[in-house]
Amino acid sequence: WFRMASFVRCEFSGCDLRDADFYAANLKDVRLLHSTLDNTEWSKAALDNVALHGSSLDGLRGVKALRRLVIGSDQLLPLAIPILNSLGIVVDDAYLDSDD
C-alpha cells in the first residue's frame, strides 16, 4: 500500500506494482518507470510532475486524480480507456450500423 503516502523526488524502476493502492497519495517529482502499474488505485491522489514512461497502465482506477502526469505516446490508449469510462463515455461502433 502507498495509500496516503508522500513521495518527493524519487524513482521506482522495473517494479511490479500491480494492484497497488495510491489512494490520496502525494507524489511530487516522482518517476515510476518500466513498471507494472496495472489495476492500481489513484483516487484522490495529488500528483505533480509524475512520469510513468515505459510502465503498463491497464485497468487503472480513480483516473480523475491523474493530473500533472507525464506519459509516453505509447501509453495513450491504455490510459484513455479508463479515463473515458470514468467520464461515462461509451465507445459503441454498433450504433453506426443501426438503421434508427
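Provided above is the structure to which this section pertains.
Reading guide: rules and limits
- Positions within a chain are numbered from 1, following the residues in the order the chain's sequence is written.
- Two thresholds apply to this predicted model, a pLDDT of at least 70 for residue-level local features and 80 or more for giving and counting side-chain atom pairs, whereas whole-chain, interface and lining totals are computed over all residues.
- Side-chain figures throughout are based on the complete set of non-hydrogen atoms in the structure, without hydrogens or water.
- We count a stretch as a helix when DSSP gives it H or I for four or more residues in a row; a strand needs E for two or more, and each element gets its number in order from the N terminus.
- Any residue under 20% of the maximum accessible area for its type is buried, any over 50% is exposed, and the rest in between are partly exposed; the area is computed with a 1.4 Å probe on protein chains only.
- Disulfides are defined in this document as cysteine sulfur pairs within 2.5 Å.
- A pair is scored as a salt bridge if a Lys or Arg side-chain nitrogen falls within 4 Å of a carboxyl oxygen belonging to Asp or Glu.
- When charges are counted, neither His nor the chain ends are considered; positive counts come from Lys and Arg and negative counts from Asp and Glu.
- In this analysis, two residues are considered to be in contact whenever any of their non-hydrogen atoms come within 4.5 Å of each other.
- Between the rings of Phe, Tyr and Trp (Trp by its six-membered ring), a pair exists once the centres lie within 6.5 Å; its type follows the angle of the planes, with under 30 degrees stacked, over 60 edge-to-face, and the other angles tilted.

**Student:** Any chance you could break down the side chain of Thr40 for me, citing the residues and the numbers?
**Tutor:** Tracing the backbone shows Thr40 in the loop between β2 (26-33) and β3 (46-51). Residue class for Thr40 comes out buried when judged on its relative accessible area of 0%.

**Student:** How would you sum up the state of the cysteines? Please name residues and give values.
**Tutor:** Throughout the structure, instances matching the rule amount to zero disulfides. Left without a disulfide partner, Cys10 is nearest to the cysteine sulfur of Cys15, which lies 10 Å away. Here Cys10 falls in the partly exposed class, since its relative accessible area comes to 22%.

**Student:** Describe the pattern of salt bridges, listing the residues and the values that go with them.
**Tutor:** In the structure shown here, the tally under the stated rule is five salt bridges. In this structure, the salt-bridge partner of Arg3 is Asp21, at a minimum N-O distance of 2.9 Å. Taken as a pair, Arg3 in the segment before β1 (6-13) and Asp21 in the loop between β1 and β2 lie far apart in primary sequence, 18 residues in all. Assessed through its relative accessible area of 8%, Asp21 is described here as buried. For Arg68, the salt bridge is made with Asp48, and the minimal N-O distance between the two is 2.8 Å. Of the two residues, Arg68 is situated in the loop between β3 and β4 (69-70) and Asp48 in strand β3; the sequence distance between them amounts to 20 residues.

**Student:** Help me get a handle on the side chain of Asp38, residues and values and all.
**Tutor:** By the secondary structure assignment, Asp38 is in the loop between β2 and β3. One buried charged residue, Asp38, remains without a salt bridge, the closest side chain of opposite sign being Arg18 at 4.9 Å. Setting aside its immediate chain neighbours within four residues, Asp38 contacts Arg18, Asp19, Ser56, Leu57 and Asp58.

**Student:** A description of the packing of aromatic side chains should follow, citing residues and the corresponding values.
**Tutor:** The way to describe two aromatic rings as a pair is by their centre distance and the angle between their planes. By the definition in use, this model includes five aromatic pairs. Aromatic pair Phe2 and Phe22: ring centres 4.8 Å apart, planes at 5°, arrangement stacked. Of this pair, Phe2 sits in the segment before β1 while Phe22 sits in the loop between β1 and β2, placing them 20 residues apart in sequence. Given the relative accessible area of 16%, Phe2 is considered buried. Here Phe22 falls in the buried class, since its relative accessible area comes to 1%.

**Student:** Please give an account of unusual backbone geometry that cites residues and values.
**Tutor:** We note that Asp29 has phi near 55°; this positive angle belongs to a residue other than glycine. Here Asp29 lies in strand β2.

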